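Okay, here's what each chain looks like letter by letter:
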Amino acid sequence: MVAAEVVCLFTAGNHKTVLLLVNGEEVSRALKVSIMEEMANQKVATHKHVVTLLNCIRRDSNVKSDNVFLTEMLSDSEKKNFNDKKAELKSRFGDKCNRFHGFNIMQSNFSEAYIQDACSVFKTIERTEGTQLAALLSLLNAYVPDSYLLESQCLDMIKRPNMSLEGMLENLSHLIITIQQDGSEAKVRMAHPMIAQCCTELLAEAGVTRSDTAKEFLRCLCRGEVPPFLAAFVKIMLTKRRPKQKAKGTEENPINRTEKKEESDLFSRLILHIHTKEADDSECASVLEMATDTFDQNPFFPQALARFYCLKLKDYDKAETWANEAKKRDPQNSFVADTLGHVHKHRLKNLRQYAKPEDILNLAIKAFKAFEEEERLAEQQLESNVKKDGNIHVSNVFNSRGLFGYLQVCNLVFDLLVSQNQTWRDVLTKKESLNSVLGSLGDSSLIRFSDLMNKLRDEVEKKCAFFDRYLTYSKPSIEEDDPEYISRETSACYWKYVGDSTSSPSEKGADLIQKLKLKHADTTTGVLACLDRECPESDLKEITTLWEDTRLHKDPDTAEVNNIFAHIMLRNMSATLPPDCKHLTAFKQKLHPIPTAKPEPYMLALLLHWPTDPGDTCNLDLSTLINHAQQLYKQAYAKHLRARYLRPLFFIGKGQGLDRIVHRNVLEGRQLETMQFLQQSDEKIFQTPWVKKHLLKVRGEIQEYKLFVTVNGKKIEVAVNLQNSLWKNRKVCFYLGFTIEGPVAFAINTETAEQKEKLPERDTSKQQPPYSLKFGACCSEMDARDLTELDPEVNRVDDVQTYSLQSDAGNYECRVSGLRWVCKEKVSFKYRFLSWEDHMKSPCDGYTPAGPLMDITVTTGVIEEVHLPHSVSVDQNSTFSGEFAVLHVDASDVLEKVPKVTSSHIKFLQPTFPPKGVLIRKMEGIPFYQDVLIHKTSKEFLTLEVHVVPRGSAQQEVEGKQKSCGSMLILKQSLDKSMRIGDPLALTTDQADAIIQPSDQEFGYESLSFEVFIRNADSDFALRLGSGENTVWTGTIHKGDYQN
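Residues numbered from 1 in each chain as written. Predicted model: local features only at pLDDT ≥ 70, side-chain atom pairs only at ≥ 80, totals over all residues. Heavy atoms only, no water.

1. A look at the nonpolar core
Of all hydrophobic cores here, the largest spans 129 residues; its most connected members are Trp-424, Tyr-497, Ile-543, Phe-565, Phe-650 and Leu-707. Non-local contacts of Tyr-497, meaning those with residues more than four positions away in its chain, are made with Cys-410, Val-413, Phe-414, Leu-428, Thr-429, Leu-456, Arg-457 and Val-460. Judged by nonpolar contacts, the second largest core, of 73 residues, contains Ala-135, Leu-202, Phe-295 and Ala-304. (Core = buried A, V, L, I, M, F, W, Y, C linked by side-chain atoms within 4.5 Å. Buried < 20%, exposed > 50% of the residue type's maximum accessible area, 1.4 Å probe, protein only. Contact = heavy atoms within 4.5 Å.)

Below is the structure:
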């Protein structure tokens, strides 16, 4: 819905960028994808930015350098602006402006002293109906963002007719505001969240505790039928858990910046504050119990209560009671069912050291049953509609907590039993049956647990195999990894139960499979995860041999695939003398489709058959292979992975044979050198020299928001890593990775053609004047050597700047504008630059300026020829010369064909002189010459404005605007290469602490601007403009340039 509204606003607003406020980074990430999909569905094509997301996040969130953050700290210039605004408000409103708390808090730089002073009335206030309302509002606004009460709810608390809200609040009224919009009922809230927090704290110090206020809130405002909006606020206040705050003094690891999936606080902020500030856990339980009784259909209050009794009060009987109550209220919700399993798990974990095995196993059985029920519900939620909050939803996320909780209990059972008697190790790993060791265990009644002992190891093996696939093939999102404890505890459980067990000798090849299990490589996923587990080279060589031997005894197709994958792993760890892969040729010659129910063999076939060079032929239909891989992925894994980001497993490199298949671990291992990460959604790792040297660039084309490559003359659709790469139809190049679902394109860049014509070298014997403009290469009609260059006389009247020139007979060029003229007698003339902005309507629709719009006035003599400069790169092979036009500005604007196009100018014979300028039709692929203008602004720290502008009057406009802002021009140069519409353009620097916004843009019909901010600049530094892999300009900013 939101994505559709954004696209609707964008299209209805004539492609003007939409500004959207969102709450939370998860919402932001999902919304980006949704907007791209909606653009594709509506077939909206544009070269402009569609939406800017203004994202609200917690102040303790990890700051990512690629975003711009608005923090609770004003810069010096912001302080000045706020102070000026306050003086203005004071003159208009007098003392009333002292009550503008939202403004005043910002103007005071979020001063705690100001907030304390504003709330000081609470230090001496008596308890009245007004203070009671203020206390309830403060609590609500302090813990629930954007919360409010309706005015009618506030007045109901008074029970006095004809009493206004302001009259009831008396001297507290300035701390509370009322908002009414669109004729709806007025909403009441505190003037600012920081005021709400301060008032709540002051009330607590005065003896009005948070727990008392929370219970009063439930008593006064949640009687009878509670409005849905208020029920939602109460649910957030009492049950919503925030991600844990980063501990003070904790620094980010500069080597491993991978963002982990954040752990949440144990309880809501209000419950945590009652727990820490009131030091009475019974009050936390009392508040939650009251909410549980008040909202007698809601499962989340008893769920939170069960967790509190379990984790804080250690009262497992009550915890179990409330967990069962939560399940009763929402029996189909697997996430609610999760709590009961964890109650049993924690009770088991906190058993006394030498509890009886019978007690351990009885508790374990209860936990196992709870987690198995949760797993069943999780599977059911994926397959059917689920009722939630009165609405029907289809779950898109698989709840894996039941599977993981089961393995956690298995770990506890193993540790508790084996610590008492080592015989249990043999029973749990199925080396011995329980019946055969009852004598050693000393309790014959344990025989009733035989069924559990018989199935436990198999269940562990099955669930560990699930997490192998789950963690190897996917992760929560493109920017997050799963918590490390999941793989750590899962792996520990595997080694306890499976890694030291034996197999039945009756089955052929069973001894080989058991040896593979000891290496955790008895499945294809296990082999693919060898590098992630940092498997030693000796183990990997043994795994390769074991799968080769297994091929003779069991499932030869799977064994062959695993053997080849093991060989690929060996080469990716740079093994010494890796063995030859005997079955590679046989596998490549097999007819496909492969007889399998899993997608891994198809991924291998695609890796082996994908052509290295555009001219290579492929004996297989790659499109069919991709379709089979995608279908098998949907059948085998999509149900559990569909809401997660599929991790790339391999990339196509520049080598030959198996050596060209690069495992993702190799790229991630480069992070120690490059400080870039495969996990980041900006794909910066693909800009590193190592990647460019070792990975293969693949060419393709984007058409209608889809990416295609052509193999054997057939177009094949390829998925993309970043959906926003498909914003425009164009030819592209990219790196090809492979997930378990198939090929995926990474680091998509517009393919830029090499320059076909080198510009002639300048005659450096002549000193060039500063800031001269040059347009393109020299034309054959008028060789540069035949021209006399003249400097104009510059005059300024008000804001209008004119350039005057005079010459004898001959051929001339103006050093400032690039204008050329031919005369047979002495002439004098002047010109000025006009703005294109007022003339880019009809008849200029569909055209873009290709040079300056000039108003030329001849004062003496006759000009035989005039050559207007253009900024388009034209040579003898260009096919777009016929797309030029010239605009004549007279009584009405007239668009005409151009008489003669040269490589740098448009030639006019016996010209007339109404204002005129060169345009060209908007088309993809037209190359333009550009200049770089760098201005130093007057801001406190070094801030440079870098403008990439078409050669022409646009430069004059930019320079005029910058000068009016007090900025100083410190560099003006030309790009080394022309740029085509749609080419990417990125600005980088060797200054480590520099911030560049934006870091990259797309070259379009208008000027581009970058801002370079350096807080502590004190040396020379370099700037580079790059388009894809090509450098189009480099320049050095000297210390003297910006300090003088």
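2. Focus: unusual backbone geometry
Along the chain, Gln-997 connects to Pro-998 via a cis peptide bond; the corresponding omega equals -15 degrees. With respect to the helices, strands and loops of the structure, Pro-998 is situated in the loop between β35 (995-997) and β36 (1000-1002). Phi at Ala-279 takes a positive value of approximately 50 degrees, unusual for a residue other than glycine. Taking relative accessible area as the criterion, Ala-279 reaches 67% and is therefore assigned exposed. The residue Lys-430 is not glycine, and still its phi comes out positive at about 65 degrees. If you trace the backbone, Lys-430 turns up in the loop between α19 (423-428) and α20 (438-441). (Helix = DSSP H or I, 4+ residues; strand = E, 2+ residues; numbered from the N terminus.)

3. Examining the packing of aromatic side chains
Within a pair of aromatic rings, the relevant descriptors are the distance that separates the centres and the angle that separates the planes. For the structure on display, the rule yields 30 aromatic pairs. On the numbers, 5.8 Å between centres and 75 degrees between planes, the contact of Phe-229 with Phe-233 is edge-to-face. A residue pair is termed a helical-turn pair when its members lie 3 or 4 positions apart in one helix, as Phe-229 and Phe-233 do in helix α11 (residues 228-239) at four residues. For the pair Phe-368 and Tyr-406, a centre-to-centre distance of 4.4 Å together with 35 degrees between the ring planes defines the contact as tilted. Of this pair, Phe-368 sits in helix α17 (residues 357-383) while Tyr-406 is found in helix α18 (residues 401-420), placing the two residues 38 residues apart along the sequence. Like Phe-368, the residue Tyr-406 is buried in the burial classification. Members of the aromatic cluster, each reached through a chain of ring pairs, are Phe-398, Phe-404, Phe-466, Phe-467, Tyr-470 and Tyr-485. In this structure, Arg-307 packs its charged tip against the face of Phe-267, placed 5.2 Å from the ring centre. For Lys-916, the ring lying beneath its charged end belongs to Phe-908, and the centroid distance is 4.7 Å. (Phe/Tyr/Trp six-rings, centres within 6.5 Å; stacked < 30°, edge-to-face > 60°. Lys NZ or Arg CZ within 6 Å of the ring centre and 35° of its normal.)

4. A look at the packing of α18 against helix α21 (residues 450-473)
Taken N-terminus to C-terminus, the directions of α18 and α21 make an angle of 135 degrees; their axes are 10 Å apart at the nearest point. Between α18 and α21, the crossing angle belongs to the class labelled oblique. The two elements α18 and α21 meet at a crossing, and its hand is left-handed. Of α21, the residues touching α18 (which contributes Leu-403, Phe-404, Tyr-406, Leu-407 and Cys-410) are Lys-455, Leu-456, Glu-459, Val-460, Lys-463, Cys-464, Phe-466 and Phe-467. Looking at the contact of α18 with α21, its residues break down into 10 nonpolar, no polar and three charged. (Axes fitted to C-alpha atoms, helices over the stretch in contact; angles between N-to-C directions. Parallel < 35°, antiparallel > 145°, perpendicular 65-115°, else oblique. Left-handed = near helix turned anticlockwise from the far one by under 90°. Nonpolar A, V, L, I, M, F, W, Y, C, P; charged D, E, K, R; others polar.)

5. Some remarks on the pattern of salt bridges
On inspection of all chains with the given rule, the structure shows 41 salt bridges. Two residues, Glu-813 and Arg-820, come together in a salt bridge whose shortest N-O distance is 2.6 Å. A relative accessible area of 5% places Glu-813 in the buried class. The class for Arg-820 is buried, based on a relative accessible area of 4%. With a closest N to O distance of 3.1 Å, Asp-1018 and Lys-1039 form a salt bridge. Taken together, the residues span a long stretch of sequence, with Asp-1018 in the loop between β37 (1008-1014) and β38 (1021-1027) and Lys-1039 in helix α35 (residues 1039-1043) at a distance of 21 residues. Among the residues examined, Lys-1039 registers a relative accessible area of 29% and is labelled partly exposed. Salt bridges here are not isolated pairs; linked through shared partners, they connect Lys-430, Arg-457, Asp-458, Glu-461 and Lys-517. (Salt bridge = Lys/Arg side-chain N within 4 Å of Asp/Glu carboxyl O.)

6. Observations regarding the pairing of β37
Of the two faces of β37, only the one carrying Leu-1008, Phe-1010, Val-1012 and Ile-1014 is buried; Ser-1009, Glu-1011 and Phe-1013 on the other face are not. Bridging between strand β31 (residues 942-950) and β37 involves seven bridges; their strand directions are antiparallel. Each residue of the ladder has a partner; that of Thr-943, found in β37, is Phe-1013. In the sheet, β35 pairs with β37 via three bridges, with the strands oriented antiparallel. Across the sheet, the residue bridging to Ile-996 is Val-1012, located in β37. (Pairing = 2+ DSSP bridges.)

7. Comments concerning α21
The terminal C-alpha atoms of α21, which comprises 24 residues, lie 36 Å apart, in line with the 34 Å expected from a rise of 1.5 Å per residue. The sharpest bend along α21 comes to roughly 30 degrees, located at Leu-456. With respect to burial, α21 is a largely interior element, 17 of its 24 residues being buried. (Expected span 1.5 Å × (residues − 1). Bend = angle between axes of the 7 residues up to and from the residue.)

8. Observations regarding the sheet that holds strand β25 (residues 884-889)
A sheet is described by the order of its strands in space; here seven strands give the open sequence β18-β19-β22-β23-β28-β25-β26, paired in antiparallel fashion. Only two strands of the sheet have a single neighbouring strand rather than two, namely β18 (793-797) and β26 (893-896). The sheet shows a mean angle of 25 degrees between the axes of neighbouring strands, direction not considered. As judged from the five bridges shared by β25 and strand β28 (residues 916-921), these two strands associate in the antiparallel manner. Counted as the bridge partner of Phe-884 is Ile-920 from β28.

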